[in-house]
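# Coordinate inspection notes
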Amino acid sequence: MENRKRRISINLVLLSWIFMVAAIAAENTSTIPVNVGVVVDLDEVSGKMYLSCIEMALSDFYASHTQYKTRVVLNTSNSHEDVVGAADAALDLITNVEVKAILGPMTSMQATFVVKLGEKAHVPIISFSATSPSLTSLQSSYFFQFAQNDSTQVKAISGIVQNFGWRRVVPIYVDNMYGEGIMPFLIDALLEVDAHVPYRSVISQSATDDQIEIELYELMTMQTRVFIVHMMPKLASQLFAKAKEIGMMNKGFVWITTNGIGDRLKAMESVLNSMQGVLCVETDVSDTFKLRDFKTRWKRQFQQENPEIIDVELDAFGYRAYDAAFAIAMAVEKVGNASFGSQKGNASSFNSTDLGSLKVSQYGSNVSNALSLTSFRGLAGNFSLVDRQLQLSTFKIVNVNGNGGRGRAVGYWTPENGRLVNSTNSCNVSAFNCDALGPIIWPGESLSVPKGWEIPENGTKLRIGVPVRDGFSEFVKVTPNLRTNTSDVTGFSIDVFKAAVDLLPYALPYELIPYAYPNGSSAGTYNDLIYQVYLGKFDAVVGDATIRANRTLYVDFAMPYTESGVVMVVPIIDSTHSRTKNAWVFLQPLTWGLWMTILCFFIFIGFVIWVLEHRINEDFRGPPSYQVGTSFWFSFSTIVFSQRERVVSNLGRFVMIIWVFVVLIVTQSYTANLASLLTVQQLRPAVDDLNVLLRNGEKVGYMKDAFVYDLLIQRGFDDSKLKACGSMEEIDDALSKGSANGGIAAIVHETPYMKLFVAKYCSKYTMIGPIFKTDGFGFAFPKGSPLVSEITQAILNLTDDGLMGMIEDKWIKKDSNCKNSTGNFSSTALGLESFWGLFLIAGIASIFALITSVTSFLYEHKHVLMPPDSGTSKWKRIRAMFEIFNKRELSSHTFRSSRHTDSYTGTRHHEVKGSSPNHNWPESPQSCINHADTVSVSSRGQASPETNPTLELAITVQETH
């Protein structure tokens with residue numbers, strides 16, 4: 001029995017296995033094959049590598065998705081490293097094989113025409129290695145760029161440049177669509193970080209070593225030493241080998257490559273010794289267990305299939321090819337077992353017979369939509385598309401040094417925050433003195449950061465233009481040397497430049513060239529001279545050139561080395577005599593603002609004292625007009641401390657202590673200033689406002705060929721009221737004559753010139769201003785010149801070391817007997833700014849006392865303000881409070897007097913006695929009348945003043961009924 005059961009069980013197991021095998025076989029026979037084309041360069045090792053990755057991807061995909069109904073069938077075609085070959089291969093796949101999608105081609109140039117074929121045939125083109133940004137301009141709904149677009153890495157490159165403060169960069173790129181596509185994006189990114197591109201080196205894809213050498217020698221004659229290389233590895237290998245040979249991989253040079261080279265470093269192992277110190281941008285791929293497992297399996301399989309190829313390493317594009325195959329397999333399955341039929345397209349728009357027979361795929365639009373929605377975790381990271389392009393990924397900054405070809409990661413650029421980071425810290429490259437990259441070994445095994453530019457040894461001297469002018473030779477003086485047929489250039493500006501150059505850490509050969517005609521006269525204005533730098537005729541301009549907005553459009557200026565601004569110089573006059581005969585001179589010691597403040601505080605203090613004393617002080621009682629007059633009289637009499645009214649409350653005395661102190665300070669200051677105005681010699685400018693000269697029609701001088709003329713015209717001056725001047729002697733003569741006698745009333749010019757003029761004529765003239773804003777004198781250099789920052793730093797060092805002052809003393813001599821005539825001749829009247837602290841204290845004290853008194857009064861009579869009878873109107877309660885406030889506070893000690901009793905009525909009266917009589921001032925009218933007030937009497941016959949407010953309010957309420 002047992003044996004029988006066992007046989008039955010075995011038979012059931014065998015039967016189940018047979019059914020399962022039959023089901024699997026049935027399932028396998030029901031899968032739908034989908035033709036997908038692959039266009040790669042099989043003549044290159046990279047092409048074979050990418051094809052191997054695609055094949056392994058499909059094998060891995062269907063091994064883990066056995067239940068899928070569709071199966072991608074690869075149809076491979078060789079592009080033979082040619083654009084036409086790629087187009088021919090794609091056309092063959094579309095027309096003869098009727099593929100539903102194409103993986104490839106490999107390069108951006110090949111992809112251009114293939115994408116147009118796919119658009120016409122509605123066949124999705126999926127490129128995993130074409131990176132040119134110009135491919136996006138095709139705007140094809142059937143093109144998918146699974147490779148990282150080159151434009152996404154320009155921020156990482158500009159971040160490197162900004163991090164080290166380089167100001168000039170030269171890109172070196174291949175002369176085709178791949179090289180040119182990134183340039184607009186790269187230059188814009190560099191401009192955002194204030195780095196300029198003075199030159200672009202374009203190298204043909206088929207350039208020989210000799211042609212590359214000629215181009216590199218051309219670069220060596222330039223100052224820039226920072227180069228960005230963007231080309232394919234084969235051409236890059238030639239470039240770096242030749243750069244190493246001619247000495248361009250030595251100390252001081254900087255080489256940065258895009259990820260077209262960085263992602264394929266392993267394919268350039270033969271020239272890695274020539275690339276030591278290069279910074280490469282690479283697409284960062286996380287080193288996961290899945291990736292390591294795939295690399296092991298791929299290398300074993302690739303060696304079996306290609307035994308003649310050794311030491312091949314995968315790159316980021318191989319990972320993208322693997323993910324692309326995964327994506328197309330998923331998209332095909334999403335579409336399902338739809339019809340794969342095709343119909344013949346409209347051939348009217350094609351000339352070729354093959355193109356005329358091109359069929360339109362009915363399956364392509366479905367695959368395209370499915371691909372757009374595909375997302376998964378691939379070998380190279382998260383796979384997701386936005387507008388048929390792969391989303392931004394992190395870039396790794398690799399420093400090539402040592403052997404092995406792997407380089408060393410010194411930092412990363414992340415798309416989340418758009419900045420450089422490294423493994424130990426993060427840093428915003430816009431911050432000052434911030435290094436976001438780790439230690440770098442630069443070309444020549446240097447550990448110090450290259451400054452990014454040098455004066456070439458085989459280069460010519462810098463041609464520096466200097467202005468030629470007639471007056472103010474202290475700044476720039478050009479003296480012809482007839483013996484040597486040259487010119488000697490001296491002056492303050494020249495000495496500052498020479499001193500700055502001496503502080504540079506390197507030699508800077510230059511020659512000073514006067515901007516003049518052969519006869520020695522000036523060849524143009526300062527604007528013309530500055531423009532010569534923009535035209536390239538001069539390498540810089542050194543002299544008394546003012547930094548102006550219109551000039552910065554063409555050149556960059558170093559830091560100004562003189563004072564800024566445009567000032568006005570006018571004669572000095574003595575105003576003491578005229579002031580002593582002025583009937584209103586007594587008002588001049590204080591400004592109108594201070595006079596009005598004092599007046600307002602007199603009124604305010606009088607009001608505060610009246611509020612504090614009115615109910616308890618007989619001196620502040622009486623008819624309304626008397627009370628107002630007394631309050632004002634009391635406040636104003638504090639000026640001479642002649643007040644006779646007593647202040648009996650503690651709060652009033654507190655306010656008066658502070659106020660008397662304020663009055664004391666103000667009166668003493670007024671007295672001292674008035675005495676100074678009437679006795680001390682008062683030198684002042686003849687006019688202190690340019691608008692006064694404009695209104696009075698006075699003539700104003702300016703320097704010949706100076707921009708100040710335009711400023712005066714813009715201010716409203718008529719040309720007939722402006723007079724050009726030259727030398728200092730000519731200015732002195734014109735100012736001495738005055739506007740009415742054919743001279744000028746003032747001279748308007750820049751601070752350095754007028755400072756020199758006033759130093760010579762300090763007893764006669766003074767400076768007013770600045771009346772216009774300028775940035776002073778500066779040295780001009782071409783846009784983006786690295787000398788701007790170097791000279792700026794040198795000028796700062798000159799100022800800090802005191803050398804600038806020594807140079808100024810040498811050329812701008814000052815008479816020790818002269819007083820400082822460059823001071824500000826503003827009004828000598830005392831203003832509120834000198835006393836606002838005192839008034840603030842007095843105001844706070846008065847308000848505090850006022851609030852305290854009012855609060856105490858309201859609290860004492862709160863039963864009047866809030867009576868139990870809710871029927872009383874608010875207005876009646878407020879009026880009752882005012883009536884109470886207007887009455888005497890009989891409980892105050894100031895109103896206590898001897899009491900007497902009426903013998904006839906038995907009623908006790910309070911006779912309030914006033915204060916002691918004032919024999920120095922008439923007695924107030926209120927003191928002449930009987931001040932007795934009738935109060936309610938309690939049952940015991942005692943006076944109860946506290947009940948008086950309640951009684952009055954009750955009487956008032958009864959009257960209303």
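Criteria and cut-off values
Each residue is numbered by its place in its chain's sequence as written, counting from 1. This being a predicted model, a pLDDT of at least 70 is required before a residue's local features are given, and a value of 80 or more before pairs of side-chain atoms are given or counted; all residues contribute to the totals for chains, interfaces and linings. Side-chain numbers here rest on the full set of heavy atoms in the structure, without hydrogens or water. Only DSSP runs of H or I with at least four residues qualify as helices, and only runs of E with at least two residues qualify as strands; both kinds are numbered from the N terminus onward. We call a residue buried when its accessible area falls under 20% of the maximum for its residue type, exposed when it is over 50%, and partly exposed in between, using a 1.4 Å probe and counting protein chains only. Methods summary: accessible areas were calculated by the Shrake-Rupley approach with a probe of 1.4 Å, and residue burial reflects only the protein chains presented. Here the expected length of a helix is defined as 1.5 Å per residue gap, with one fewer gap than residues. Think of a 1 Å grid over just the protein atoms. A cavity is a set of points where a 1.4 Å probe fits yet cannot get out, a pocket is an open set with protein on both sides within 12 Å along at least five of seven lines, and lining residues have an atom within 4 Å of a point. Grid points are joined across faces, edges and corners, and a volume is the space filled by probe spheres set on the points. When residue character is reported, Ala, Val, Leu, Ile, Met, Phe, Trp, Tyr, Cys and Pro are called nonpolar, Asp, Glu, Lys and Arg charged, and the others, Gly included, polar. Angles shown run from 0 to 180 degrees and are taken between the N-to-C directions of axes, each axis being a line fitted to C-alpha atoms and, for helices, limited to the stretch in contact. Roughly parallel means an angle under 35 degrees; roughly antiparallel means over 145; roughly perpendicular covers 65 to 115; every other angle is labelled oblique. By convention the crossing between two helices is left-handed if the near helix lies anticlockwise of the far one by an angle smaller than a right angle, and right-handed if it lies clockwise. Contact definition: two residues touch when any of their heavy atoms are within 4.5 Å. By this definition, two strands are paired if DSSP reports at least two bridges between them. Only residues whose relative accessible area exceeds 30% and that form no salt bridge are eligible for patches; like-charged ones are grouped when within 9 Å, while nonpolar side chains (Val, Leu, Ile, Met, Phe, Trp, Tyr) are grouped when within 5 Å. One speaks of a salt bridge when a side-chain nitrogen belonging to Lys or Arg is within 4 Å of a carboxyl oxygen belonging to Asp or Glu. Each pair of aromatic rings taken from Phe, Tyr and Trp, with Trp reduced to its six-membered ring, is defined by centres within 6.5 Å and is described as stacked if the planes are under 30 degrees apart, edge-to-face if over 60, and tilted in the remaining cases. Lysine and arginine charges are scored as sitting over a ring when NZ or CZ, respectively, is within 6 Å of the ring centre and within 35 degrees of the ring normal. One confidence number per residue, pLDDT, is output by the predictor and ranges from 0 to 100. Grouping buried Ala, Val, Leu, Ile, Met, Phe, Trp, Tyr and Cys residues that are joined through side-chain atoms within 4.5 Å yields what is termed a nonpolar core. In this context, the arc is that of the directions from the helix axis out to the C-beta atoms.

Right, let's get into the overall build of the chain. When its secondary structure is counted, the chain shows 29 helices and 34 strands. Of all 961 residues assigned to the chain, the portion counted as buried reaches 48%. By element, 54% of the accessible surface of the chain is carried by carbon and sulfur atoms, the whole surface being about 47,600 Å².

Taking 1.5 Å per residue as the helical rise, helix α26 (residues 836–860) with its 25 residues ought to reach 36 Å, and the 36 Å between its terminal C-alpha atoms agrees with that figure. What α26 keeps buried is the set L838, F839, A842, G843, A845, S846, A849, L850, S853 and F857.

If you add up the space inside the largest pocket, you get close to 940 Å³. Elements with a contribution of two residues or more to the lining of the largest pocket: α2 (45–64), α4 (108–121) and α8 (233–246). In terms of residue count, the dominant contributor to the lining of the largest pocket is α8 (five residues). In the lining of the largest pocket, the residues fall into 16 nonpolar, ten polar and eleven charged.

Where helix α17 (residues 592–613) meets helix α18 (residues 624–636), the closest approach of the two axes is 8 Å, and the angle between their N-to-C directions is 125°. Our classification of the angle between α17 and α18 gives oblique. When the axes of α17 and α18 are compared, the crossing they make is right-handed. On α18, the residues that touch L599, F602, I603, I605, G606, I609 and W610 of α17 are Q627, S631, F632, F634, S635 and F636. Here the residues of the contact of α17 with α18 are counted per class, giving nine nonpolar, four polar and no charged.

Take the side chain of T224 next. The topology assignment puts T224 in the loop between α7 (209–220) and β8 (226–230). We classify T224 as buried; its relative accessible area is 3%.

Here the focus is the sheet that holds strand β19 (residues 419–421). Reading across the sheet, the eight strands line up as β7-β6-β8-β9-β10-β17-β18-β19 and stay open at both edges, with mixed pairing between neighbours. Across the chains shown, the open sheet's two edge strands, defined by having one partner strand only, are β7 (201–203) and β19. Going across the sheet, the axis of each strand differs from the next one's by a mean of 25°, ignoring polarity. Sheet topology note: the strand β17 (residues 395–399)/strand β18 (residues 408–414) ladder contains five bridges and is antiparallel.

Following the sequence through the fold, D488 ends up in strand β22 (residues 486–490). With ten residues separating them along the chain, D488 and V478 place their C-alpha atoms 5.7 Å apart.

Glancing now at a nonpolar patch on the surface. On the surface, M596, L599, I603, V628, F632, F636, I639 and V640 cluster together into a nonpolar patch covering about 660 Å² of accessible area. Of all the secondary-structure elements, those providing two or more residues to the nonpolar patch are α17 and α18. On the accessibility criterion, L599 (34% relative accessible area) is partly exposed.

Before going further, it helps to examine the packing of aromatic side chains. Inspection of every chain in the model, using the stated rule, returns 43 aromatic pairs. Ring geometry for Y534 versus Y554: centroids 5.1 Å apart, planes at 75°, classification edge-to-face. With Y534 in helix α15 (residues 526–535) and Y554 in the loop between β24 (540–541) and β25 (555–557), the pair connects residues that are 20 residues apart, well separated along the chain. Directly above the aromatic system of W453 lies the positively charged group of K451, at a separation of 6.0 Å from the ring centroid.

We now examine the confidence of the model for the chain. Any segment with low pLDDT has predicted coordinates that should not be analysed in fine detail. With 81% of its residues at a pLDDT of 70 or more, the chain has an overall mean of 80. Confidence drops under pLDDT 50 across residues 339–353; counting only partners more than four residues distant or on other chains, this segment forms 26 contacts. Within the model, pLDDT remains below 50 along residues 428–434, and this stretch shows ten contacts once partners closer than five positions in the same chain are excluded.

With that settled, consider the packing of α17 against α26. Relative orientation of the contacting elements α17 and α26 amounts to 20°, with a least axis distance of 10 Å. If you check the angle between α17 and α26, you find them roughly parallel. The hand of the α17/α26 crossing is left-handed. Judged by residue contacts, L594, T597, I598, F601, F604, I605, F607, V608, V611 and L612 of α17 engage F839, A842, G843, S846, I847, A849, L850 and S853 from α26. By residue class, the composition of the contact of α17 with α26 is 14 nonpolar, four polar and no charged.

What follows deals with the nonpolar core. Formed by 68 residues in total, the largest nonpolar core has its most connected members in M754, F757 and I791. Apart from the residues lying within four places of it in its own chain, the contact partners of I791 are F497, A500, V501, L504, A558, F779 and F781. In this structure, Y68, F146, A147 and V332 belong to the second largest nonpolar core, which totals 57 residues.

At the junction of G104 and P105, the peptide bond is cis and its omega measures out at -5° in the coordinates. The residue P105 is located in the loop between β3 (102–103) and α4 in this model. Positive phi values are uncommon outside glycine, yet E81 reaches one of about 55°. Residues other than glycine seldom take positive phi values, yet E98 does so here, at roughly 55°. Relative to the helices and strands, E98 is located in the loop between α3 (83–97) and β3. For E98, a relative accessible area of 25% puts it in the partly exposed group.

All told, the structure shown has 16 salt bridges when counted by the stated rule. We note a salt bridge from D287 to R292, for which the minimum N-O separation is 3.7 Å. Connected through salt bridges with shared partners, the residues D60, D293 and R297 form a single ionic network.

This next bit is on helix α10 (residues 289–305). Helix length check: α10 (17 residues) gives 24 Å between terminal C-alpha atoms against 24 Å at 1.5 Å per residue, within 8%. Looking only at α10, the buried set comprises L291, F294, W298 and F302. Along the axis of α10, the buried positions cluster into a sector of 60°, meaning they face one direction only. Along α10, exposed side chains directed more than 90 degrees from the buried face belong to F289 and Q304. The inward-facing, buried residues of α10 abut α2 and α11 (316–335).

A few words now on the pairing of strand β21 (residues 477–481). Relative to β22, β21 runs antiparallel, the two sharing five bridges. The residue of β22 that forms the bridge with K477 is T490. As consecutive antiparallel partners, β21 and β22 are separated by four residues, and within that stretch N485 has a phi angle of approximately 60°, a positive value.

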